[in-house]
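Chain and residue survey
Given next are the chains, with one letter for each unit.
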Amino acid sequence: MSNYKRIHWFGVTFTGVRMIVGAFTVLYVLGKGFSLSDIILVKGWQIAFLIIIDLPVAKYADQGHQKLVVGMGIAFAAAWLVTTTVSDSFIYLIIAESFNAISLALFNGAFTALLVNVGNKEGVKTKNILSQFASHQYLAMVIGIAVGFLVAEDTTDPLIWWLAGTLAGLISLLFLTLVSSEQGRSPKHNEIRSMKKDLKLILFYAKTNAVPIILSAIVYHYLVQFWQASLSENLNSASFVSAIFVGCLLAQSAAGSLSSKLTKYREPIVNLSIGCAILISLWGMFILDRMTIVIFPIILAFFWIRLLSIAQGIWLQEKIPSDLRASASALLGTISRIIVVILSAPIAAVVTNVNIGIIYTGLGFALLLGLILNLFIPKMLIFLTNKNA
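Before going into details, it helps to say that this report is about the structure given with it. (Residues numbered from 1 in each chain as written. Predicted model: local features only at pLDDT ≥ 70, side-chain atom pairs only at ≥ 80, totals over all residues. Heavy atoms only, no water.)

Throughout the structure, instances matching the rule amount to 11 aromatic pairs. Relative to Y205, the ring of F204 has its centre 5.3 Å away and its plane inclined at 75 degrees; by these criteria the two rings are edge-to-face. By relative accessible area, F204 is classed as partly exposed at 37%. Ring centres 5.8 Å apart and planes at 90 degrees place the aromatic pair Y220 and F302 in the edge-to-face group. (Phe/Tyr/Trp six-rings, centres within 6.5 Å; stacked < 30°, edge-to-face > 60°. Buried < 20%, exposed > 50% of the residue type's maximum accessible area, 1.4 Å probe, protein only.)

Rendered as structure tokens:
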């Protein structure tokens, strides 16, 4: 098996292992005696911690340490799973989610960079690398959820947490042992640049992709958070919610398969077309709120949003130098998280007084408006870059 294939399947397997507990995370923590307020505080800490560490970690990965960073990211996921299992106080919960934040920071950007760098070196096109991984990733999530449901006796069963933690630790060891350290670096990988210069270079290469990636990440975040609020009471049971969740994951897998075929079209056409489809899907969630058929716009919204983000990720990774790939993912992820934090308070205040579908429709309009404005942003960035050069 080639080095690229090893990395691909290690990543797919790890994603599936994380999802063994994915359907039970909140319920498990609540079952241990923690409150919903505790969970919200911990998740807020996780986001803040991620914002602080994401860019420095990505910078280190891009300096030739992508394999090590990815392997440690998987190891910290094992630490998160095991620590959550034994958590019996708020401080242990904070420690567990700190491990989770470190795992996400280490794994996310560095893994994509490593996968693309090695795949390109072995002659695989970037669009095929990211498209195939996205498709297999979401199928692995479905399998992980199925394993969790089969193994767990109830939502508070610690067995699945021990199982996932053990498997993640094993994957980390095998990854660090079996994956070659070669990562297809660029000719300038030995150059030590300042963070400021890195950021300027990233903005230059990502001038047409930054806005769509950031906006789709923000809309996706709120869709994941609140989609269940659109379900009627007869659909709001564990079995129906799980079935719809699986449908959303399969839709995102399909988006991964389709994304590589979009790169032959011009970016603005793809952006505006998908932006309109996202708006229609989110508006459909508002119109059909609490009706049985609302499940269709929910699944379509996940499909279109993920299609936009994967296609934009392909375009970005195709043109950015290999020694900036992890940093680019980290920068755009950090910006989207900061915006989510800023929006959290006003959205939390509004959601208690208006239909959640209005918020979705507003997010859809904001995304489409941002995609329209993005037609002019690249020229502005070029002007500012030349001015500060």
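In terms of nonpolar packing, the biggest core is built from 104 residues, with V70, L223, W227, L282, M285, I298 and Y360 touching the most fellow members. A total of 12 residues in this core trace back to one element, the largest contributor, which is helix α11 (residues 295–319). Not counting chain neighbours up to four residues away, the residues in contact with V70 comprise L106, F107, A110, F111, L114 and F175. (Core = buried A, V, L, I, M, F, W, Y, C linked by side-chain atoms within 4.5 Å. Helix = DSSP H or I, 4+ residues; strand = E, 2+ residues; numbered from the N terminus. Contact = heavy atoms within 4.5 Å.)

The next thing to look at is helix α1 (residues 3–18). Given 3.6 residues per helical turn, the α-helix brings residues three or four places apart onto the same face. Spanning 16 residues, α1 covers 23 Å between terminal C-alpha atoms, matching the ideal 22 Å at 1.5 Å per step. Taken across its 16 residues, α1 has 12 buried, putting it largely inside the fold. Within the sequence span of α1, burial applies to N3, Y4, I7, H8, F10, G11, V12, F14, T15, G16, V17 and R18. Residues of α1 that are buried in the fold lie against α3 (36–86), α4 (90–121), α5 (126–151) and α6 (159–178). (Expected span 1.5 Å × (residues − 1).)

Two elements in contact, α1 and α6, have axes whose closest approach is 10 Å; the angle formed by their N-to-C orientations is 170 degrees. Between α1 and α6, the angle is such that the two are roughly antiparallel. When α1 is examined against α6, the residues R6, F10, T13, F14 and V17 are found in contact with a partner set consisting of A164, L167, A168, I171, L174, F175 and L178. (Axes fitted to C-alpha atoms, helices over the stretch in contact; angles between N-to-C directions. Parallel < 35°, antiparallel > 145°, perpendicular 65-115°, else oblique.)

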